[in-house]
Amino acid sequence: MNTSYSWLVTALLRALAVILFVVTAVFFIIRIVPGDPAKMILGEYSTPEAIKSMHHTLGLDLPLWEQFVRFVKTLFTQGDTGNSIIAGTSTRELIAERAPVTLLLIVMACMMAIIIALLLATLAATHKDKLLDHLIRIFPTITLGMPIFWVGMLLILLFSVRLHWFPVGGVSEGWIGTLYSLTLPAITVAFSQIPTLVRSLRAQMLEILESDFVVTLRAAGLPSRVILFKHVLRNSALPTLMLLGVNISYLIGGTLVVEQVFGIKGIGSLLFTAISNRDFPVIQGIALYCAISVVIISLLIEMISWWLDPRTKGKQ
Amino acid sequence: MKRIRTEPQLHQDGRQPSIIHRIWNTPSLLVGSLMFVVLIVLAVFIPYISPYHPSEQNLSAFLQPPSAEHWLGTDQLGRDLFTRLIYAARTDLSIMVLAEVVPFCTGVFLGMLAGYYGKWVDTVITLLTDTFIAFPFYLIVIIVAFASGAGERGIYITFMLVGWIVFARVVRGLSASFREQEWVASAQTLGLPGVRIILRHLLPNVLPQAVVVLMTDMVGLLVAIVTLGYLGIGIAPPTPDWGTMISDGQSFITTAWWLSAVPGFAVVYTGIALSLVGDGLADIWRKK
Amino acid sequence: MSTSPILEIEALSLATKSNETLVDNVGFSLNKGESLGLVGESGSGKSLTLRAILGLLPHGVRQTGGVIKSEVSSAMVFQDPRGALDPLCPVVKQLAEVVYFRQKVSRKASRVVALELLEMLGLPDSLKRTDRYPSQLSGGQCQRIVIAIALACKPGILLCDEPTTALDVTVQRQIIETIARLQQELGFAMVFVTHNLAVAAAMCSKLAVMKKGQIVEHGNTLNVLQNPQNPYTQMLINSVLPLPELEGSGQLWS
């Protein structure tokens, strides 16, 4: 019992350490790269006095360690990276306002990616070295180099402009309208995840299909649909979950870009507005919240798979 | 897949199969290389192939569909799409290759250190990679590229910061299993210096796998360069770039859809070529 | 032994997709209740022959020649007991599932049969009350479950693929004794693959020695051991470790 919980403690400590690193990285991210933030905000030809006062507003005139202390202090008292330079409100509120639609999009994309990838991987693995398998295996090679925004554009062209099945962009009112208008963006995000998912899942699936226990069950005369749906799929659920944990970071990044293509007012559009306004606290806030979410999601997935997998429990 | 080769293994009849023979038997490598070479040849010789200049405007002949004169038609400013497409290949491919150099070397080096020495070196490097991985790839690319200023320099800085992680992770795993091998342990007890083991024995072992990863990673990098261009924080106009071409064409998507579609296909084409090369190399090294 | 054989294999050949021969011209037959020991080094094609009898060749291996005639059903016991059980499914549930599909009884009845099988194999009662996963059982217990699953199929022939190799030495003996007892009680025939000549000799009335995919020696166990014709068989016999004390005491007596 003790040994299995020591695993949990290690995982928690590691996540905590990564979060500390993340906070530091977010602090340094605008300081490590060349260029003066104040100059970027005010433009190339601003007066030295203006730059100086902007330095003061941003706290850049203080020694580095004091800036860091202030940064961490704001983080703990306010839960964010300070107030937006443009809107004046706290970045936390700005992010909270935009987060729901982005979250919904991510969840929809995840579900689509898992269902489609599992289906394709199962088909490929059960038809190993046959035509279907070859076709499914070519798919990741072709789609690996597809820019996600370009896929989105082509999907809009086909399904919205030509076929009129979906709106061209934006999000409609109401629950059903929201889900409906997020369908095409979610497909786009899922599309970018499917190649890697299919590739690894097919390999996992083959390993499971060739394992002794499947032979035992087949030798014992169980119908192949029972073996596939009850035993093989259950065994591939854990690796799928783990894979999703690894890919969640890419998925969030892709979502931000896809929002831009479909004109969805989520975290992505907040980021791009902040970038064109040089609104540093908002940019930092988005980076911080995204990264911490990724760390927490990974930790949760690790814990769930530990919870579900009897192999981790040991005897008794 | 992660099998480690200690010494060069001979074939059963005692001789090594010739390299040429092995390459010939790997169609994916052949096709991929051919596709890539065609692109490179076009990019190098485009000034002699095309009579047009990439930023030469001809407002009397804008948004023309493909014809004998303009193979892929013209854009909204009357520039020849094919010429721009290939000039953009020059820009994007050279940046792609150059931007991979530093991250590849750093990643392989750090991965070997972490895997071979383990202990606190490993802990620190793993914490670093975990931290960077926590940031969604496109988020960090967008922020760093923006903060370090649009243009080529921003792209190089961005990938120096984030590009090494993939290599470090793969090489770390390989190096850790390499260290478990018995002869390495015995070499260590005999007092062979670590640097020597790393450079003479570990590096040749991890390099093939790292190169295979390099191929797929270059595809990812190319897509990132194009994405930055599309978002307007990558390569700045008028330098031709596939990303800005797609973004320019977006306004004409209903009338002249090929303006956006064609540069995208160029990216996909390059992606297929590189992943085929990667698959082929992996095949060759696995058979060996 | 006068009845017609229940399993007959003639000139069985197996090869990979790239035509590399794995099993070459193998043939033997088995009568009701009889047991055959298949011995030989690893990679000599013993396990593949079993998989061929079972009708489940691994991916990439195909039958290139020969016939397998079998009048009864067969079931298999594997080398690695833990790998032979679904790690995410409670063991009793797995057993009951097989009973349900093979013996065509109701779900409820299948559990009753499964529990009877557990009893038969001498597994602890605690398994009946709480759900246990393969990872929570010892190797020997897992192997008993695997044997129970095989018996749930009511096989005419039990195929044993090195059933004790992956187990502790003390457990090996128990498993072998269990298999021998069950064979007496239930009367199934058996093909026993092992690389341990001593075990094969103790378990089986007939022996077949395999090397590089071919049967190099085949016959009555006693004949093969006392009068080996093939040098490879001789080597196998010599490689059975003599117990040092016995050797010493032998010297004393001579």
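Residues numbered from 1 in each chain as written. Chains lettered and ligands numbered in written order. Predicted model: local features only at pLDDT ≥ 70, side-chain atom pairs only at ≥ 80, totals over all residues. Heavy atoms only, no water.

### Comments concerning the overall build of chain A
A count of helical and extended segments in chain A gives 12 helices and zero strands. Ordering the α and β elements of chain A from the N terminus gives α-α-α-α-α-α-α-α-α-α-α-α. Taken over the C-alpha atoms alone, chain A extends approximately 85 × 60 × 35 Å along its principal axes. Residue burial in chain A is summarised as follows: out of 316 residues, 48% are buried. Total accessible area on chain A is roughly 15,300 Å²; 68% of this is exposed by carbon and sulfur atoms. Across chain A, the mean location of the 23 positive side-chain charges is 10 Å away from that of the 18 negative side-chain charges. (Helix = DSSP H or I, 4+ residues; strand = E, 2+ residues; numbered from the N terminus. Buried < 20%, exposed > 50% of the residue type's maximum accessible area, 1.4 Å probe, protein only. Areas by Shrake-Rupley, 256 points an atom, 1.4 Å probe, with all protein chains shown as cover. Lys, Arg positive; Asp, Glu negative; His and termini not counted. Charge placed at Lys NZ, Arg CZ, Asp CG, Glu CD.)

### Side note on the interface of chain A and chain C
Each partner contributes residues to the interface: chain A has 26 residues there, and chain C has 27 residues. Where chain A packs against chain C, one counts one salt bridge. There are seven residue pairs in polar contact (both at pLDDT 80 or more) connecting chain A and chain C. For the side of chain A that touches chain C, the secondary structure elements donating two or more residues are helix H9 (212–219) and helix H10 (224–262) of chain A. Of the residues in the side of chain A that touches chain C, the class split is nine nonpolar, six polar and 11 charged. (Contact = heavy atoms within 4.5 Å. Salt bridge = Lys/Arg side-chain N within 4 Å of Asp/Glu carboxyl O. Polar contact = N/O pair within 3.5 Å; in protein donor to acceptor, adjacent residues only side chain to side chain. Nonpolar A, V, L, I, M, F, W, Y, C, P; charged D, E, K, R; others polar.)

### Some thoughts on empty space enclosed by the protein
Under the defined criterion, the tally for this structure stands at two cavities of 30 Å³ or more. Its volume calculated, the largest cavity comes out at about 60 Å³. Forming the walls of the largest cavity are Asp75, Gln76, Arg79, Leu81, Arg84, Met245, Asp248, Gly249 and Leu259 of chain B. Put simply, the parts of the chain that give the lining of the largest cavity at least two residues each are helix H3 (81–117) and helix H10 (242–249) of chain B. For the lining of the largest cavity, the element with the highest residue contribution is H10 of chain B, accounting for three residues. Here the lining of the largest cavity is built from residues that sort into three nonpolar, two polar and four charged. Here the second largest cavity is characterised by a volume of approximately 40 Å³. Considering the residues around the second largest cavity, the lining is formed by Thr216, Ala219 and Ala220 of chain A together with Ala75, Met76, Val146, Ile149, Ala150 and Cys153 of chain C. Mapped onto the lining of the second largest cavity, the elements with two or more residues apiece are H9 of chain A together with strand E5 (74–77) and helix H5 (139–152) of chain C. Ranked by residues supplied to the lining of the second largest cavity, first place goes to H5 of chain C with three residues. (1 Å grid on protein atoms, 1.4 Å probe; cavity = no way out; pocket = protein on both sides within 12 Å on 5 of 7 lines; lining within 4 Å. Points joined across faces, edges and corners; volume = space filled by probe spheres on them.)

### A word on the sheet that holds strand E3 (residues 35–40) of chain C
Residue and element names in this part refer to chain C. An order of E5-E6-E7-E3-E8-E9 is seen for the six strands of this open sheet, with the pairing classed as mixed. Here the strands that pair on one side only, and so sit at the sheet edges, are E5 and strand E9 (214–220). On average, each strand axis in the sheet is inclined to that of its neighbour by 15°, with strand direction left out of account. Across five bridges, E3 lies against strand E7 (residues 189–194) in parallel orientation. In the strand pairing of E7, Gly37 is matched with Phe192. (Pairing = 2+ DSSP bridges. Axes fitted to C-alpha atoms, helices over the stretch in contact; angles between N-to-C directions.)

### Things to note about the packing of aromatic side chains
Taken as a whole and judged by the stated rule, the model has 17 aromatic pairs over all chains. Aromatic pair Phe159 of chain A and Phe166 of chain A: ring centres 6.5 Å apart, planes at 80°, arrangement edge-to-face. Here Tyr100 of chain C and Phe101 of chain C contribute two aromatic rings whose centre-to-centre distance is 5.0 Å and whose plane-to-plane angle is 80°, an arrangement assigned as edge-to-face. Under the relative-accessibility criterion, Tyr100 of chain C is labelled partly exposed at 25%. Judged by its relative accessible area of 16%, Phe101 of chain C falls in the buried class. Ring pairing ties together the aromatic residues Phe27, Phe28, Phe68 and Phe71 of chain A, which thus form one cluster. Over the ring of Tyr100 of chain C we find Arg107 of chain C; its NZ or CZ atom is 3.7 Å from the centre of that ring. (Phe/Tyr/Trp six-rings, centres within 6.5 Å; stacked < 30°, edge-to-face > 60°. Lys NZ or Arg CZ within 6 Å of the ring centre and 35° of its normal.)

### Looking at the sheet that holds strand E4 (residues 61–70) of chain C
Two modes of strand pairing occur in sheets, parallel and antiparallel, and in both the strands are linked by backbone hydrogen bonds. Residues and elements named next belong to chain C. Across the sheet, three strands lie side by side as E2-E1-E4; this open sheet has antiparallel pairing. Looking at which strands have only one partner, the edges of the open sheet turn out to be strand E2 (21–30) and E4. Adjacent strand axes in the sheet meet at a mean angle of 5° when their direction is disregarded. Across eight bridges, strand E1 (residues 7–16) lies against E4 in antiparallel orientation. Bridge pairing in E4 links Ile9 to Ile68. Against the sheet, helix H1 (residues 46–54) engages E1, E2 and E4, with an angle of about 115° to E1.

### Describing the interface of chain B and chain A
When the parts come together, some accessible area is lost, and that loss is often what is quoted as the size of the interface. Taken residue by residue, the interface counts 44 residues in chain B and 47 residues in chain A. Interface area for chain B against chain A, summed over the two sides, is near 4,000 Å², with a carbon-plus-sulfur share of 83%. At the junction of chain B and chain A, the tally comes to one salt bridge. Between Asp130 of chain B and Arg14 of chain A there is a salt bridge, with the nearest N and O atoms lying 3.8 Å from each other. Summed over the shared surface of chain B and chain A, the result is four residue pairs in polar contact (both at pLDDT 80 or more). Of all the secondary-structure elements, those providing two or more residues to the side of chain B that touches chain A are helix H4 (119–134), helix H5 (137–147), helix H6 (152–162), helix H9 (194–231) and helix H11 (258–287) of chain B. Grouping the amino acids of the side of chain B that touches chain A by side-chain chemistry returns 31 nonpolar, 10 polar and three charged. (Buried area = accessible area lost by both parts, 1.4 Å probe.)

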